[in-house]
Amino acid sequence: LGIHALLIVTVTLSPVTAAAWIENKVTGEDAYPPLWDLAPENLLDFPIKDNKIVINAWNYQERLGVYKSLLNSSAKFFSAFGPQNIGNILWGLPLQYGWQFRTGRLADHSGVTSCGYEDGDLLCQSVRSWWSCMNYYLAVIPFLGAVEAGLFGQLPFEVEILPPEERKDDFCYSVADCWSRMPKLMDDWKAFFEVNNVTFFSLYPATFSSIQLDDALGLMWKAHVTSIAYALPKFQDSLKYLSDPEADFGEDWSNAVDFIGATHLSTDLLTVNNFQALLPPRMLVAEDVFPSISGFSPQQNEVLVSLSNLHKANKLTGGWLLKLWQKAMSTEAGRKIGRKLIESLTLS
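Small disclaimer: the values here were computed from a predicted structure and weren't measured. (Residues numbered from 1 in each chain as written. Predicted model: local features only at pLDDT ≥ 70, side-chain atom pairs only at ≥ 80, totals over all residues. Heavy atoms only, no water.)

Colleague: Help me out: how do you make sense of the sheet that holds strand β1 (residues 48–49) in this one?
Modeller: Remark on secondary structure: sheet strands pair via backbone hydrogen bonds, oriented parallel or antiparallel. Across the sheet, which stays open at both edges, the three strands sit in the order β1-β2-β3 with mixed pairing between neighbours. The open sheet has two edge strands, β1 and β3 (158–161), and neither has a second partner. Summarising the sheet, strand β2 (residues 52–55) and β3 pair through four bridges and their orientation is parallel. The residue bridging I55 from the neighbouring strand is I161, located in β3. (Pairing = 2+ DSSP bridges. Helix = DSSP H or I, 4+ residues; strand = E, 2+ residues; numbered from the N terminus.)

Take a look at the structure:
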């Protein structure tokens with residue numbers, strides 16, 4: 001039962017090839033997160049106060065600018081994988097963030113404030129939003145890890161992240177602060193961004209092979225999974241602001257990331273856009289019962305079923321299903337075969 005559920009979810013969620021994506025002409029502004037062109041281009045585009053680059057990570061556009069600076073500063077390492085930085089494996093982070101914003105998942109779901117709503121501050125990212133808080137650990141922590149690793153070179157100013165109005169102790173706000181409070185997360189993200197790392201940042205683009213790309217993806221997914229595992233228990237109480245179907249989906253999605261990450265799935269622009277087309281186009285409400293949610297495509301309904309089944313199967317086996325999957329994906333050759341099998345099943 002567990003293996004069957006796992007095969008269902010991997011086949012259902014697998015992206016089509018880049019060639020098929022281009023044939024479908026999913027291009028233009030829709031391929032990028034909302035307001036991407038308006039986000040700060042680099043770190044010096046943010047406000048500078050008291051000799052510090054000050055970033056409000058609780059504003060959608062500024063947090064998006066954090067991602068944009070990461071994409072721009074790392075673009076040179078991925079130039080061999082497509083024009084306009086489309087092959088950069090960091091695209092998964094801002095695209096997920098954009099999907100969360102587009103579907104209303106970053107707003108205040110407690111009903112206390114108008115943060116994140118059109119009749120309030122649409123760009124506000126609520127600290128009462130489970131999705132917004134989880135995303136913080138996949139935005140600010142990777143960003144500060146990159147600062148520490150030297151991705152942006154020698155910055156003329158320190159970087160400071162503004163705290164939210166509530167739950168200040170649940171986040172960190174500078175390189176030094178994050179190192180002292182969550183060293184494991186910072187170490188994993190720094191390892192990915194390390195300029196002198198033997199995996200890819202020290203390599204010339206012309207010598208960047210698929211094996212080195214797999215290594216890079218492995219480091220990125222390791223840091224990604226670690227961030228989610230750290231944040232999940234911290235923000236468990238925020239799930240109470242969501243409908244039961246939405247809260248279940250959030251936990252199902254977090255579980256699925258462990259399985260997806262084990263395959264070192266590429267997170268370039270084309271792949272992630274195809275993948276996200278299968279995710280819920282809005283928040284789930286109490287009346288939603290899959291696989292027959294009104295307004296959702298059959299594929300989107302099936303993804304919800306598959307994520308739920310995978311999570312249940314993994315819990316029933318005490319995590320054994322994930323361990324079995326990770327063992328099967330423990331070699332580059334195994335991951336390559338697995339991805340090819342998934343792709344062929346999807347395309348058929």
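This is not the end of the story, as more comes after the structure.
Colleague: Before we go on, may I ask you to explain the nonpolar core in this structure?
Modeller: In a soluble, globular protein the nonpolar side chains are often hidden away together inside. In terms of nonpolar packing, the biggest core is built from 96 residues, with F143 and I161 touching the most fellow members. Two domains each donate at least three residues to this core, and these are domain 1 (30–237) and domain 2 (242–347). (Core = buried A, V, L, I, M, F, W, Y, C linked by side-chain atoms within 4.5 Å. Buried < 20%, exposed > 50% of the residue type's maximum accessible area, 1.4 Å probe, protein only. Domains from an automatic or database assignment.)

Colleague: Quick question: what am I supposed to make of helix α3 (residues 60–74) here?
Modeller: Note: α-helices contain 3.6 residues per turn, so residues at a spacing of three or four share the same orientation. The end-to-end C-alpha separation of α3 is 22 Å, in line with the 21 Å expected for 15 residues at 1.5 Å each. In terms of burial, α3 is a largely internal element, 12 of the 15 residues being buried. By the burial criterion, the buried members of α3 are Y60, E62, R63, L64, G65, V66, Y67, K68, S69, L70, L71 and S74. On the buried face of α3, the contacting elements are β2, α4 (92–102), α5 (130–136), α6 (140–149) and α8 (183–193). The N-cap residue of α3 is N59: its side-chain oxygen and the backbone nitrogen of Q61 are 2.9 Å apart. (Expected span 1.5 Å × (residues − 1). Contact = heavy atoms within 4.5 Å. Polar contact = N/O pair within 3.5 Å; in protein donor to acceptor, adjacent residues only side chain to side chain.)

Colleague: Before we go on, may I ask you to explain helix α12 (residues 298–316) in this structure?
Modeller: Spanning 19 residues, α12 covers 27 Å between terminal C-alpha atoms, matching the ideal 27 Å at 1.5 Å per step. The positive-phi residue at the C-terminal boundary of α12 is G318, with phi of around 65°.

Colleague: How should I be thinking about the packing of aromatic side chains in this particular structure?
Modeller: Given two aromatic rings, one states the distance between the centres and the angle between the planes to describe the pair. In the structure shown here, the tally under the stated rule is 22 aromatic pairs. Each ring, one from Y32 and one from W91, has its centre 5.5 Å from the other, and the planes form 65°; the classification is edge-to-face. A residue pair is termed long-range when its members are at least 10 positions apart, and Y32 in the loop between α2 (18–23) and β1 and W91 in the loop between α3 and α4 qualify at 59 residues. Three or more aromatic residues joined by ring pairs form one cluster here, namely W58, Y136, Y137, F171, Y230 and F235. Lying over the aromatic face of W58, R63 brings its terminal NZ or CZ to 5.1 Å of the ring centre. (Phe/Tyr/Trp six-rings, centres within 6.5 Å; stacked < 30°, edge-to-face > 60°. Lys NZ or Arg CZ within 6 Å of the ring centre and 35° of its normal.)

Colleague: What's the story with the pairing of β2 in this structure? I'm lost.
Modeller: The side chains of a regular strand alternate between both faces of the sheet. Sheet topology note: the β1/β2 ladder contains two bridges and is antiparallel. Across the sheet, the residue bridging to I48 is I53, located in β2. Hairpin connection between β1 and β2: a loop of two residues separates the two successive antiparallel strands, and D50 in this loop has a positive phi of roughly 55°.

Colleague: Explanation requested: the pattern of salt bridges in the structure shown.
Modeller: Pairing between side chains becomes possible if they bear opposite charge and their charged atoms approach one another. Taken as a whole, this structure holds 13 salt bridges when the rule is applied. In this structure, E41 engages K68 in a salt bridge whose closest nitrogen and oxygen atoms are separated by 3.0 Å. Residue E41 is found in the loop between α2 and β1, and its partner K68 is found in helix α3; the two are separated by 27 residues along the sequence. Among the residues examined, E41 registers a relative accessible area of 37% and is labelled partly exposed. What makes K68 buried here is its relative accessible area of 4%. For K222, the salt bridge goes to D188, with nearest N and O atoms at 3.2 Å. (Salt bridge = Lys/Arg side-chain N within 4 Å of Asp/Glu carboxyl O.)

Colleague: How should I be thinking about the state of the cysteines in this particular structure?
Modeller: Covalent bonding between the sulfur atoms of two cysteines is what defines a disulfide. According to the stated counting rule, one finds two disulfides in the structure shown. A sulfur-sulfur distance of 1.9 Å marks the disulfide that ties C172 to C178. Its S-S torsion of approximately 90° makes the covalent link between C172 and C178 right-handed. Of the two residues examined, C172 and C178, each falls in the buried class. In the chain, the cysteines engaged in disulfides, taken in order along the sequence, are linked 1-2, 3-4. (Disulfide = S-S within 2.5 Å.)

Colleague: What am I meant to see in the environment of L123 here?
Modeller: By the element assignment, L123 lies in the loop between α4 and α5. Among the residues examined, L123 registers a relative accessible area of 21% and is labelled partly exposed. Between the alpha carbons of L123 and Q61 there is a distance of 6.8 Å; along the sequence they are 62 residues apart. Ignoring sequence-local partners within four residues, the contact set of L123 consists of L35, W58, N59, Y60, Q61 and F101.

Colleague: I'm lost on the side chain of D188 in this one. Help?
Modeller: Residue placement: D188 occurs in helix α8. If we skip the residues at most four places from it in the chain, D188 touches K222, A223 and T226.

Colleague: Looking at this model, I keep getting lost on the packing of α4 against helix α11 (residues 269–276). Mind explaining?
Modeller: Packed helices, taken two at a time, are described by the angle their axes make and the gap between the axes. Close contact between α4 and α11 brings their axes to 9 Å; oriented N to C, the two are set at 30°. Taken together, the axis directions place α4 and α11 in an arrangement best described as roughly parallel. Once α4 is placed against α11, the crossing between them reads as right-handed. When α4 is examined against α11, the residues G92, L95, Q96 and W99 are found in contact with a partner set consisting of L269, V272, N273 and Q276. A per-class count over the contact of α4 with α11 returns four nonpolar, four polar and no charged. (Axes fitted to C-alpha atoms, helices over the stretch in contact; angles between N-to-C directions. Parallel < 35°, antiparallel > 145°, perpendicular 65-115°, else oblique. Left-handed = near helix turned anticlockwise from the far one by under 90°. Nonpolar A, V, L, I, M, F, W, Y, C, P; charged D, E, K, R; others polar.)

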